[in-house]
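# What the coordinates show
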Amino acid sequence: MMAKVYVTPKRGVLDPQGKAVANALHALGFAEVDDVRIGKYVEIRLGGSLDDASARVRDMCEKLLANQVIEDFRFEIGDGGAKPR
Amino acid sequence: MKWGVLVFPGSNDDQDALWALGEILGQDTVPLWHKEADLKGVDAVVVPGGFSYGDYLRCGAMARFSPVMASVGRFASDGGIVLGICNGFQILCEAGLLPGALVRNRSLTFVCQRVRVRVENDATALTQGCRKGEILEIPIKHGEGCYFADHETLREIESRSQVLFRYVDATGQTTPEANPNGALDSIAGVMNARGNVFGMMPHPEHAVDPAVGGCDGQKLFRSLIDFLERGVRPPRLATADGRV
């Protein structure tokens, strides 16, 4: 199965990359852009039971994939095919 | 005193730290490879600068799971002196040995320059050889040195005088221009509540020889050496009024 993990900067944490990209989008004429926040997307292919996967992936996020001082995370677990569960 | 300097794949200031402590300050030194859990009986540990594990995922995120860091964690909880410089500061924050985190510089650019930092607390093992308010000139070189902590953590470390250094201008004032990376409240270095684990973005090991730009870094190493020679270990916890 496949876990798709999204790690994003917490509100209140400076995201200069996001600011720079927002400025670039404005320069390209996308005036409707209010804010851009840039994070990370991690795909994890894993075995084991689907029942355990959620707790295991949460543990992975808390221990390594996200630094909760500065980042939030969320994830989806699917069968690894085109359609996440 | 015997100093251990950690060496991770991608560390690049380990040799300078060994040279500063060994050749300039006359200390016994030993490099400690990241895969070894044995700290070889050192009196203090330096976690040096560089790009441990290629800065993959986040700066310092991988290094903290190395065998040597488990030993450093136990050493610190036993009151041992640990100094993290630049990437070492990032590693100690990732390991939860220091409060807060270091994020991308506000400018998005790598900065490499001499900066001035003001000593905020001179009652610590690292800064006892300085005066409160004294300005030190020490180089920085980093892309992710912008200190961040949430409001509650910030209030806590301020109330316990855990902020060691702030970036300032020539007159000793914190200004946006004098803040090279956008660090929260111009914070350049902090310590833990117990006062035995220190982290700073500036590189004192690059400021120990007048031939290459000043000796202000020596003051910090000499403070630690003096502290270690007196053989006093920091108390297990900060006292009720927050002093360490």
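Described below are features of the structure shown in this document. (Residues numbered from 1 in each chain as written. Chains lettered and ligands numbered in written order. Predicted model: local features only at pLDDT ≥ 70, side-chain atom pairs only at ≥ 80, totals over all residues.)

## Observations concerning the overall build of chain A
- Along chain A, the regular secondary structure elements total 2 helices and 3 strands.
- From first element to last, N terminus to C terminus, chain A shows the α and β order β-α-β-α-β.
- Here the C-alpha radius of gyration of chain A, 16 Å, is well above what a compact globule of 85 residues would show, namely 12 Å.
- The C-alpha extent of chain A, read off along each of the three principal axes, is 50 × 30 × 15 Å.
- Across the 85 residues of chain A, 15% fall into the buried class.
- Sequence separation of at least 24 residues holds for 63% of the intrachain contacts in chain A that already meet a minimum separation of 6. (Helix = DSSP H or I, 4+ residues; strand = E, 2+ residues; numbered from the N terminus. Rg over C-alpha atoms; globule rule 2.2 N^0.38 Å. Buried ≥ 20, exposed ≤ 12 C-beta atoms within 10 Å, placed from the backbone. Contact = placed C-beta atoms within 7 Å.)

## Digging into the sheet that holds strand β1 (residues 2-7) of chain B
Residue and element names in this part refer to chain B.
- The mixed open sheet is built from 9 strands, whose spatial order is β2-β1-β3-β4-β11-β10-β9-β6-β7. For this open sheet the edge positions go to β2 (28-33) and β7 (135-142), each flanked by a neighbour on one side alone. Between one strand axis and the next, the sheet turns through 25° on average, direction left out of account. (Pairing = 2+ DSSP bridges. Axes fitted to C-alpha atoms, helices over the stretch in contact; angles between N-to-C directions.)

## Some words on the nonpolar core
- Ranked by size, the top nonpolar core spans 75 residues in total, and within it Val45(B), Val82(B), Leu92(B) and Leu224(B) carry the most contacts.
- Dropping the residues within four chain positions of it, Val82(B) is found in contact with Val45(B), Val47(B), Val72(B), Phe75(B), Ala76(B), Leu92(B), Leu97(B), Asn196(B) and Val197(B).
- The next biggest cluster of nonpolar side chains, apart from the first, holds 9 residues, and it includes Ala3(A), Val5(A), Val7(A) and Phe75(A). (Core = buried A, V, L, I, M, F, W, Y, C linked by C-beta atoms within 7 Å.)

## Re the interface of chain A and chain B
- The interface is formed by 9 residues belonging to chain A together with 12 residues belonging to chain B.
- A total of 3 residues in the side of chain A that touches chain B trace back to one element, the largest contributor, which is helix α1 (residues 16-27) of chain A.
- When its residues are assigned to classes, the side of chain A that touches chain B shows 7 nonpolar, 2 polar and no charged. (Nonpolar A, V, L, I, M, F, W, Y, C, P; charged D, E, K, R; others polar.)

## Notes on the sheet that holds strand β3 (residues 71-78) of chain A
Residue and element names in this part refer to chain A.
- Spatial ordering of the open sheet is given by β2-β1-β3, a layout of 3 strands whose pairing is antiparallel. With partners counted over all chains shown, the strands left at the sheet margins are β2 (40-45) and β3, one partner each. Each adjacent strand pair in this sheet contributes to an overall mean axis angle of 20°, direction not counted.
- Relative to the sheet, helix α2 (residues 50-65) contacts β1 (2-9), β2 and β3, its axis offset from that of β3 by approximately 155°.

## Remarks on the pairing of β2(B)
Residues and elements named next belong to chain B.
- The pairing of β1 with β2 spans 6 bridges and is parallel. For Gly-4, the partnering residue across the bridge sits in β2 and is Val-30.
- As for the winding sense of the linkage, the β-α-β connection from β1 through helix α1 (residues 14-24) to β2 is right-handed. (Right-handed = clockwise from strand over helix to strand, strands pointing away.)

## So, helix α2 (residues 67-77) of chain B
Residue and element names in this part refer to chain B.
- Buried within α2 are the following residues: Val-68, Met-69, Ser-71, Val-72, Phe-75 and Ala-76. Looking down the long axis of α2, one finds its buried residues gathered within 155° of arc, a one-sided arrangement.
- Close packing links the buried residues of α2 with β1, β2, β3 (44-47), β4 (81-85) and β11 (197-200).
- One or two steps after α2, the chain reaches Gly-79, where phi turns positive at roughly 95°. (Arc of directions from axis to C-beta.)

## Let's talk about the environment of Lys40(A)
- On the secondary structure map, Lys40(A) appears in strand β2.
- Note: C-alpha distance between Lys40(A) and Leu65(A) (25 residues apart in sequence) is 9.4 Å.

## Some points on the environment of Asp122(B)
Residues and elements named next belong to chain B.
- Mapped onto the elements of the fold, Asp-122 is located in the loop between β6 (111-119) and β7.
- Judged by local crowding, Asp-122 falls into the partly exposed class, with 17 C-beta atoms found within 10 Å.
- Remark: the alpha-carbon pair of Asp-122 and Ser-161, spanning 39 residues in sequence, is separated by 9.8 Å.
- With sequence-adjacent residues up to four places away left out, Asp-122 is seen in contact with Thr-127, Gln-128, Cys-130, Arg-131 and Lys-132.

## Considering unusual backbone geometry
Residue and element names in this part refer to chain B.
- In the Ramachandran plot, Lys-40 falls in the positive-phi region, its phi being about 55° despite a non-glycine side chain.
- For Lys-40, the position within the fold is in the loop between β2 and β3.
- Take Lys-40: there are 11 C-beta atoms within 10 Å of it, and that puts it in the exposed class.

## Concerning the pairing of β1(A)
All names here are of chain A.
- Residues Ala-3, Val-5, Val-7 and Pro-9 point to one face of β1 and are all buried, whereas Met-2, Lys-4, Tyr-6 and Thr-8, pointing to the other face, are not buried.
- The pairing of β1 with β2 spans 6 bridges and is classified as antiparallel. Within the sheet, the bridge partner assigned to Lys-4 lies in β2 and is Glu-43.
- Pairing geometry for β1 and β3, over 8 bridges, is antiparallel. When the sheet's bridge partners are listed, Val-7 is paired in β3 with Phe-73.

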